[in-house]
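Each chain, letter by letter, is given below.
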Amino acid sequence: TGAGCRTRTRRPGGGTVLSRDAGAHQSSGRDGRQSRPWAYHPIPELEEKYGGVLDIVEDKSGRIWAGTDWGAFYFDGVRWNKLKGLPFGSEDGYVHPLSVDMDGNLWMGVRGGLILISYDGSKFVTYTEADGLPSAPINVIDASTFSQKGGCLLVGTWGKGLAILDKHGWHT
């Protein structure tokens, strides 16, 4: 079950999700141990195209998100659904990396910058070079200490170093 695995996320209630090629493997037991085999949930749209799952996270409601070569998808417990209406042409483009902040908002790196999707899905906020984000591909996002009340968002770029978002704005 490990061939082609790229990233993993641990589930708060126990278990692990591993991204693999065009989908994800899911374990329900702690430390990947369970009485039945890992469940594989392919993303049908990715099976038809070249590309795969680049990053995977779980939000605070338990929804699994996948960033791929062909947009962002979420798993509803039965099937994968494509996230529609993303800015920067990202609906059908490269989405990587992903991170969830302390408020439960989803952050995603895309070719045009950074997208924040509110916890309830009611709004998209974009950040670009005009907002102070370095104009470089985003390699890593750590939103684990960020909230609307404080903390900071760390964004590692490819070739332009670290960018930090806090209550005062962007810093490089």
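Scroll up for the structure.
Attention here is on the structure that accompanies the text. (Residues numbered from 1 in each chain as written. Predicted model: local features only at pLDDT ≥ 70, side-chain atom pairs only at ≥ 80, totals over all residues. Heavy atoms only, no water.)

Here we look at the layout of surface pockets
Over the atoms, a rolling probe the size of a water molecule traces out where space has been left empty. Volume-wise, the largest pocket comes out at about 200 Å³. Surrounding the largest pocket, 13 residues form its lining, Arg63, Trp65, Ser118, Tyr119 and Gly121 being those nearest its centre. Broken down by class, the residue content of the lining of the largest pocket amounts to 6 nonpolar, 4 polar and 3 charged. (1 Å grid on protein atoms, 1.4 Å probe; cavity = no way out; pocket = protein on both sides within 12 Å on 5 of 7 lines; lining within 4 Å. Points joined across faces, edges and corners; volume = space filled by probe spheres on them. Nonpolar A, V, L, I, M, F, W, Y, C, P; charged D, E, K, R; others polar.)

So, the side chain of Asp59
Mapped onto the elements of the fold, Asp59 is located in the loop between strand 5 (53-58) and strand 6 (64-68). One buried charged residue, Asp59, remains without a salt bridge, the closest side chain of opposite sign being Arg63 at 5.0 Å. A polar contact is formed between the side chain of Asp59 and the side chain of Trp65, at a distance of 3.0 Å. Those residues in contact with Asp59 that sit more than four places away from it in its chain are Trp65, Val100 and Gly104. (Helix = DSSP H or I, 4+ residues; strand = E, 2+ residues; numbered from the N terminus. Buried < 20%, exposed > 50% of the residue type's maximum accessible area, 1.4 Å probe, protein only. Lys, Arg positive; Asp, Glu negative; His and termini not counted. Salt bridge = Lys/Arg side-chain N within 4 Å of Asp/Glu carboxyl O. Polar contact = N/O pair within 3.5 Å; in protein donor to acceptor, adjacent residues only side chain to side chain. Contact = heavy atoms within 4.5 Å.)

Considerations on the nonpolar core
Counting residues in each nonpolar core, the largest one holds 14 residues, and the members touching the most others are Trp107, Leu114, Tyr127, Leu133, Leu153, Val155 and Trp170. Where this core is concerned, the elements lending two or more residues are strand 11 (113-117), strand 13 (138-142), strand 14 (153-157) and strand 15 (161-166). Other than its neighbours up to four places away in sequence, Tyr127 contacts Phe88, Trp107, Gly112, Gly113, Leu114, Leu116, Leu133, Leu165 and Trp170. Leu86, Val100, Val110 and Ile115 belong to the second-largest nonpolar core, a separate cluster that totals 13 residues. (Core = buried A, V, L, I, M, F, W, Y, C linked by side-chain atoms within 4.5 Å.)

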